[in-house]
Amino acid sequence: MVLLKSIIIITFLINRCYAIIYELNDTEYNKMPPMFRLDPYGPCVHEPGGLYCTVELKLVSDGPSELMQMIEDYSARREMHFNHTRLHRGVCVTKKCKDYLRQTSDDLDLVLEGCLNDTLWEEYKLKSKLTSKVLCNNLDHKMDIDFGDISVAVICLSILLLNIIGSIYDFFFVPNKDSKGNKVLLCFSVKRNWKKLVAISGNGPDPRLKRLKGFNGLRTLSIIIVIIEHALLPIVISSENPHDFERKYYNIVSHLFIDGALVVQTFFVMSGCLLAYNLDVFAEKRKITWVMIPKGIILRWLRLTPPYAVVLAITTTWLRFAGSGPLWQSTVGVEVHDCRKDGWLNLIYLNNYIDNSQCMPQTWYIASDMQLYIVGLIIFSLVTTLTSRKIVLALLFIVSIIIPICHTYLQNLDAGLIISPELVRDYFVKDPTFNNTYKRGHTNLASYILGLSLGMLIYYLQKKEFNIQRFKKYKWIYWISAPSILIILPSGAFFYFFESAPLYAKAIYSGLAKPIFGSVIAFIVLGMAFKFEGIYRGILEWNGWSSPARVSYCAYILHVLFVRTLTGSRTTLMHVSVAHIFLVCLGTVVITYIVSYPFWLLVEAPSIAISKIILPIGKKEDTTDIETKRERNDV
């Protein structure tokens with residue numbers, strides 16, 4: 001402990017030499033201009049001719065300034081501190097800047113810059129420059145409904161009408177579930193889809209799949225963690241007390257949530273495992289050839305795209321009418337704009353290879369998973385023998401570790417995704433590490449290869465009737481796997497506290513963090529599949545996970561829409577406290593799932609059923625339909 005304290009003190013002193021301030025007391029902190037300040041919104045826009053604008057500023061000083069130097073030195077600690085030279089202001093122009101409106105032309109940039117500079121100079125003897133486009137709201141400005149809005153409304157109403165017709169048809173004209181009827185209309189039967197939604201997983205025709213029932217719990221818990229991570233957005237971009245938020249970065253327990261980005265690797269492991277396992281089962285009755293590659297890609301696209309396209313279409317059109325507020329344009333308006341420009345890339349699953357776009361940025365995972373699915377499909381379709389598959393997967397795993405190491409070292413990136421306050425404030429899209437080593441398909445290959453290997457292993461051991469009971473004495477190793485996650489997740493905190501770590505250390509961590517986390521998840525799944533113990537398996541295989549696991553894909557593509565809408569609709573700053581954070585996170589999870597259930601019934605379930613009609617895998621009696629088994633894993 002003494003040694004650790006000595007290291008921290010030495011590091012602190014060294015960084016002081018580099019003009020970095022680690023901490024300020026409240027008195028010193030309050031000398032800085034507040035980063036966020038919002039004038040009252042409602043009274044401004046509701047008065048005749050009221051104009052409310054938001055703008056981003058950069059602090060500058062004409063001459064030497066102790067305050068400016070302190071702000072720059074404190075902001076230099078980018079991993080844990082906001083950039084306090086970057087200010088966000090919501091201004092009632094017609095009240096606060098009315099004198100400048102009289103003196104200046106209609107150039108709002110000049111009006112706001114002069115008006116805000118007067119205030120900054122009077123209070124802090126500092127000046128500022130505008131660094132963003134001025135975004136304004138007033139009740140006189142009405143957005144016109146265009147052809148795209150009408151088209152999306154017609155599509156959504158048509159989907160709703162089809163569900164009503166299909167449900168009526170099933171209820172009145174189809175006497176029982178075994179009766180034949182119109183297959184397309186029955187796809188839209190809410191009654192039938194509800195039965196699928198509440199059905200218990202693992203009770204299908206192939207009893208072997210029951211071994212993977214625990215994926216429901218693993219998937220649901222992981223998606224809830226992802227939603228909680230993203231729910232923190234309004235706390236970061238509209239904080240009333242950012243100093244308290246910054247202090248949480250110095251608490252190692254907080255890094256369990258701050259560094260939760262590794263949780264996404266769970267989905268890659270599960271996705272790869274299910275693909276490999278189901279293809280091996282499928283190969284028992286039908287030969288796998290290269291023809292499976294285009295057919296599998298098309299079926300996968302049909303499976304994922306309809307619900308995704310509906311959310312994207314709503315985001316591109318009607319979302320801009322959903323609310324207003326000081327933060328609406330900067331939070332929601334920018335996503336609408338980027339989706340109109342780049343949304344087509346989302347539909348071909350290449351959006352994770354474009355940067356600086358805020359069009360549904362959370363869907364980078366869906367694009368990466370689609371790309372890795374194609375890689376896995378190619379491997380298992382063209383490499384058919386067990387030995388050759390082992391060699392190919394082993395070589396690819398080595399390459400998958402080297403790839404992020406090379407990216408990090410050659411591009412001088414962070415060790416992992418450093419979720420700093422400024423990174424969240426920019427919605428991640430400007431961070432080079434996020435763009436180059438986090439969201440790309442090829443930089444997430446390691447966990448997917450682990451999943452493919454795990455699926456092969458489970459299938460092989462089941463065929464050999466592997467008896468795991470002889471390893472019961474090593475149960476304690478299995479029990480420490482879950483607690484080890486609580487060590488792996490915040491392990492990246494080292495690079496927050498010691499930001500001057502050598503580049504080679506960052507590169508090594510970048511290459512090993514994802515496969516290590518993925519290996520722990522694979523180990524847990526392996527023990528669960530062979531009933532190694534009853535505690536973890538009992539939790540993950542609880543029947544109650546079946547229904548939320550089915551709607552997990554809907555929850556994933558919908559949740560950021562609610563986060564942005566709720567953030568943009570705020571008219572006041574948010575006070576950061578543990579209780580407030582808890583309520584925000586809980587509320588976001590609840591709202592997401594409340595909407596995800598009907599969305600699954602009305603959109604996703606019919607699209608799954610129709611995709612099977614359009615492109616059936618095999619005969620009716622063939623129970624190894626790849627996508628039928630995989631549909632619960634599409635998060």
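Preceding this section is the structure that the text describes.
The structure contained in this document is the topic of the report that follows. (Residues numbered from 1 in each chain as written. Predicted model: local features only at pLDDT ≥ 70, side-chain atom pairs only at ≥ 80, totals over all residues. Heavy atoms only, no water.)

Here's the deal with the overall build of the protein chain
For step 1, the next point in the chain: Helices and strands together make up the secondary structure of the protein chain, namely 31 helices and five strands.
For step 2, the next point in the chain: Expected size for 635 residues packed as a compact globule is a radius of gyration near 26 Å; at 27 Å, the protein chain falls within 12% of this value.
For step 3, the next point in the chain: Seen along its three principal axes, the alpha-carbon backbone of the protein chain occupies a region of about 80 × 65 × 40 Å.
For step 4, the next point in the chain: Evaluated residue by residue, the protein chain yields a buried proportion of 54% over its 635 residues.
For step 5, the next point in the chain: Here the analysis covers contacts within the protein chain between residues at least 6 apart in sequence; of these, 82% occur between residues at least 24 apart.
For step 6, the next point in the chain: Here the protein chain displays about 28,600 Å² of accessible surface, and carbon together with sulfur accounts for 67% of that area.
For step 7, the next point in the chain: Charged side chains in the protein chain number 66 positive and 53 negative. The centres of these two groups are separated by 13 Å. (Helix = DSSP H or I, 4+ residues; strand = E, 2+ residues; numbered from the N terminus. Rg over C-alpha atoms; globule rule 2.2 N^0.38 Å. Buried < 20%, exposed > 50% of the residue type's maximum accessible area, 1.4 Å probe, protein only. Contact = heavy atoms within 4.5 Å. Areas by Shrake-Rupley, 256 points an atom, 1.4 Å probe, with all protein chains shown as cover. Lys, Arg positive; Asp, Glu negative; His and termini not counted. Charge placed at Lys NZ, Arg CZ, Asp CG, Glu CD.)

What to know about the nonpolar core
For step 1, the next point in the chain: Counting residues in hydrophobic clusters, the biggest one holds 126 residues, and the most contacted among them are Ile366, Ile419, Ile458 and Ile557.
For step 2, the next point in the chain: For this core, the leading source of residues is helix H15 (residues 265–282), giving twelve residues.
For step 3, the next point in the chain: Within the second largest apolar cluster, 27 residues are counted, among which are Tyr29, Met32, Cys53 and Cys115. (Core = buried A, V, L, I, M, F, W, Y, C linked by side-chain atoms within 4.5 Å.)

Digging into a nonpolar patch on the surface
For step 1, the next point in the chain: Together, Phe471, Tyr474, Trp476, Ile477, Trp479, Ile480, Phe523, Ile535 and Ile539 give the surface a local cluster of nonpolar side chains, amounting to about 870 Å² of exposed area.
For step 2, the next point in the chain: If you list the elements that add at least two residues to the nonpolar patch, you get helix H23 (475–479) and helix H27 (535–540).
For step 3, the next point in the chain: No other element matches H23, which puts three residues into the nonpolar patch. (Patch = residues over 30% accessible without salt bridge, like charges linked within 9 Å, V, L, I, M, F, W, Y side chains within 5 Å. Salt bridge = Lys/Arg side-chain N within 4 Å of Asp/Glu carboxyl O.)

A few points about the environment of Val291
For step 1, the next point in the chain: You can see Val291 is positioned in the loop between H15 and helix H16 (292–316).
For step 2, the next point in the chain: For Val291, a relative accessible area of 45% puts it in the partly exposed group.

Structural notes on the pattern of salt bridges
Where charged atoms from two side chains of opposite charge come close, those side chains can pair.
For step 1, the next point in the chain: Overall, the coordinates contain 25 salt bridges when judged by the stated rule.
For step 2, the next point in the chain: Salt-bridge contacts for Glu79 lead to Arg77; the nearest nitrogen and oxygen are separated by 3.1 Å.
For step 3, the next point in the chain: Since its relative accessible area comes to 6%, Glu79 is described here as buried.
For step 4, the next point in the chain: The exposure class assigned to Arg77 is buried, which follows from its relative accessible area of 0%.
For step 5, the next point in the chain: With its nearest N and O atoms 2.4 Å apart, the salt bridge here joins Asp369 to Arg300. Taken together, the residues Asp369 in helix H18 (residues 364–382) and Arg300 in helix H16 connect sequence positions 69 residues apart.
For step 6, the next point in the chain: Asp369 sits in the buried class, given a relative accessible area of 3%.

A look at the layout of surface pockets
For step 1, the next point in the chain: Empty space within the second largest pocket amounts to approximately 1,200 Å³.
For step 2, the next point in the chain: Forming the boundary of the second largest pocket are 42 residues, of which Leu135, Gln329, Ser330, Thr331 and Val334 lie nearest the centre.
For step 3, the next point in the chain: Mapped by element, the contributors of at least two residues to the lining of the second largest pocket are strand E2 (52–60), strand E3 (86–92), strand E5 (135–137) and helix H17 (328–347).
For step 4, the next point in the chain: The element contributing the most residues to the lining of the second largest pocket is H17, with eight residues.
For step 5, the next point in the chain: Residues of the lining of the second largest pocket, tallied by class, amount to 16 nonpolar, 17 polar and nine charged. (1 Å grid on protein atoms, 1.4 Å probe; cavity = no way out; pocket = protein on both sides within 12 Å on 5 of 7 lines; lining within 4 Å. Points joined across faces, edges and corners; volume = space filled by probe spheres on them. Nonpolar A, V, L, I, M, F, W, Y, C, P; charged D, E, K, R; others polar.)

Observations concerning empty space enclosed by the protein
For step 1, the next point in the chain: Under the defined criterion, the tally for this structure stands at seven cavities of 30 Å³ or more.
For step 2, the next point in the chain: Empty space within the largest cavity amounts to approximately 280 Å³.
For step 3, the next point in the chain: Taken together, 20 residues make up the lining of the largest cavity; nearest its centre are Leu262, Ala415, Gly416, Leu417 and Tyr509.
For step 4, the next point in the chain: Counting only elements with at least two residues in the lining of the largest cavity, the list comes to helix H21 (432–438), helix H25 (494–497) and helix H26 (503–529).
For step 5, the next point in the chain: Per-element accounting of the lining of the largest cavity gives the leading share, four residues, to H26.
For step 6, the next point in the chain: Residue composition of the lining of the largest cavity, grouped by class: twelve nonpolar, six polar and two charged.
For step 7, the next point in the chain: As for the second largest cavity, its lining consists of 14 residues, of which Asn351, Ser357, Cys359, Pro361 and Lys439 are closest to the centre.
For step 8, the next point in the chain: For the lining of the second largest cavity, the residue count by class is seven nonpolar, five polar and two charged.

Regarding the packing of aromatic side chains
For step 1, the next point in the chain: The full count for this structure, using the stated rule, is 29 aromatic pairs.
For step 2, the next point in the chain: Relative to Tyr349, the ring of Tyr308 lies with its centre 5.8 Å away and its plane at 45 degrees, an arrangement referred to as tilted. Placement of Tyr308 in helix H16 and of Tyr349 in the loop between H17 and H18 is noted, with a sequence separation of 41 residues between them. For the pair shown, Tyr308 and Tyr349 are each scored as buried.
For step 3, the next point in the chain: Geometrically, the ring pair formed by Trp364 and Tyr365 is edge-to-face, given 6.3 Å between the ring centres and 90 degrees between the ring planes.
For step 4, the next point in the chain: Residue classification places Trp364 among the buried positions, given a relative accessible area of 5%.
For step 5, the next point in the chain: Tyr365 gets classed as buried once you look at its relative accessible area, which sits at 0%.
For step 6, the next point in the chain: Put simply, the rings of Phe267, Phe268, Trp364, Tyr365, Phe428, Phe434, Tyr438 and Tyr556 touch in pairs and so form one group of aromatic residues.
For step 7, the next point in the chain: In this structure, Lys125 is placed above the aromatic ring of Trp121, and the distance from its NZ or CZ to the ring centre is 6.0 Å. (Phe/Tyr/Trp six-rings, centres within 6.5 Å; stacked < 30°, edge-to-face > 60°. Lys NZ or Arg CZ within 6 Å of the ring centre and 35° of its normal.)

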